[in-house]
Amino acid sequence: MQTESPLLVILVAAYCLGSISFAIVVSWLMRLPDPRSYGSKNPGATNVLRTGRRAAAVLTLAGDAGKGWLAVWLASFFTAEIALAGLAAFLGHVYPVFHRFQGGKGVATAAGVLFGLDWRIGLGTVITWIVIAACLRYSSLAALVAALFAPFATALLLG
């Protein structure tokens, strides 16, 4: 009997982990409306913040970032292809199997993945997001600029 490819198992597990929407879980636990029913209808921390419950938004942010980091960290025990595990977790967040493939934008999950790959890249990307968001007051624009920054930071730091 042939065994499954370890990388395939890791990628499926990372995708399933990424498919857990902490915005939906936290909102349900805190008895808040489903984040897909108000605001941008996006299950993410920024939309959860629109409820006025900062704690819910912080928990959502931590959960979504944490699952990206966790996917990379767990994969590091089994394969050198940790970036693929991070990508699988990110895709799970954006296209979650548990929510009819309609997920969030993946900003926090991507940040978690970057911290998992190298804390310096993660930190630089998050600082970029914070500066742009604070100056321009647009989370989505800050996310785009931070996403453009990440490959440059990676090239500078890791060659």
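The structure presented is a predicted model; accordingly, all values stated were derived computationally and were not measured.

How should the overall build of the protein chain be read in this particular structure?
When you go through the protein chain residue by residue, the secondary structure sums to 8 helices and 0 strands. The globule rule puts the C-alpha radius of gyration for 159 residues at 15 Å, and the 16 Å found for the protein chain is close to it. Along the first, second and third principal axes, the C-alpha atoms of the protein chain reach 50 × 40 × 20 Å. Each of the 159 residues in the protein chain was classed as buried or not, and the buried ones make up 37%. When contacts within the protein chain are restricted to residue pairs at least 6 apart in sequence, long-range pairs at least 24 apart make up 54% of them. Surface exposure of the protein chain reaches about 9,500 Å², of which carbon and sulfur atoms provide 71%. On the protein chain, the mean spot of the 11 positive side-chain charges and the mean spot of the 5 negative ones are 18 Å from each other.

Honestly, helix H1 (residues 6-18) in this entry has me stumped. Any pointers?
Within an α-helix, residues lying three or four positions from one another point in the same direction, as the helix has 3.6 residues per turn. An ideal rise of 1.5 Å per residue puts 18 Å on 13 residues; H1 measures up with 18 Å between its terminal C-alpha atoms. Buried residues belonging to H1 abut helix H4 (54-75) and helix H5 (82-94).

Sorry if this is basic, but what is going on with helix H2 (residues 22-29) here?
Regarding H2, the residues found buried are Ala-23, Ile-24, Val-26 and Ser-27. Residues of H2 that are buried in the fold lie against helix H3 (45-49) and H4. Phi turns positive one or two residues past the end of H2, at Arg-31, with a value near 55°.

Help me understand the nonpolar core in this model?
Inside soluble globular proteins, nonpolar side chains tend to come together where they are buried. Residues Ile-10, Ala-14, Leu-17, Ala-71, Ala-75, Ala-85, Ala-88 and Ala-89 constitute the largest nonpolar core, which totals 8 residues. Beyond its immediate chain neighbours, meaning those up to four positions away, Ala-14 contacts Ala-71, Ala-85, Ala-88 and Ala-89. Counting residues in each nonpolar core, the second largest holds 7 residues, with Ala-23, Leu-32, Tyr-38 and Ala-57 among its members.

Looking at this model, I keep getting lost on the packing of aromatic side chains. Mind explaining?
For any pair of aromatic rings, the description consists of the separation of the ring centres together with the inter-plane angle of the planes. Summed over the entire model, instances satisfying the criterion amount to 2 aromatic pairs. Measuring from centroid to centroid gives 5.5 Å for Trp-69 and Trp-73, while their planes differ by 10°, and the two rings are stacked. Separated by 4 residues within a single helix, Trp-69 and Trp-73 lie in helix H4, roughly one turn from each other. What makes Trp-73 partly exposed here is its relative accessible area of 40%. With 4.9 Å between their ring centres and 90° between their planes, Trp-73 and Phe-77 make a pair best called edge-to-face.

The rules we used
Residues numbered from 1 in each chain as written. Predicted model: local features only at pLDDT ≥ 70, side-chain atom pairs only at ≥ 80, totals over all residues. Heavy atoms only, no water. Helix = DSSP H or I, 4+ residues; strand = E, 2+ residues; numbered from the N terminus. Rg over C-alpha atoms; globule rule 2.2 N^0.38 Å. Buried < 20%, exposed > 50% of the residue type's maximum accessible area, 1.4 Å probe, protein only. Contact = heavy atoms within 4.5 Å. Areas by Shrake-Rupley, 256 points an atom, 1.4 Å probe, with all protein chains shown as cover. Lys, Arg positive; Asp, Glu negative; His and termini not counted. Charge placed at Lys NZ, Arg CZ, Asp CG, Glu CD. Expected span 1.5 Å × (residues − 1). Core = buried A, V, L, I, M, F, W, Y, C linked by side-chain atoms within 4.5 Å. Phe/Tyr/Trp six-rings, centres within 6.5 Å; stacked < 30°, edge-to-face > 60°.

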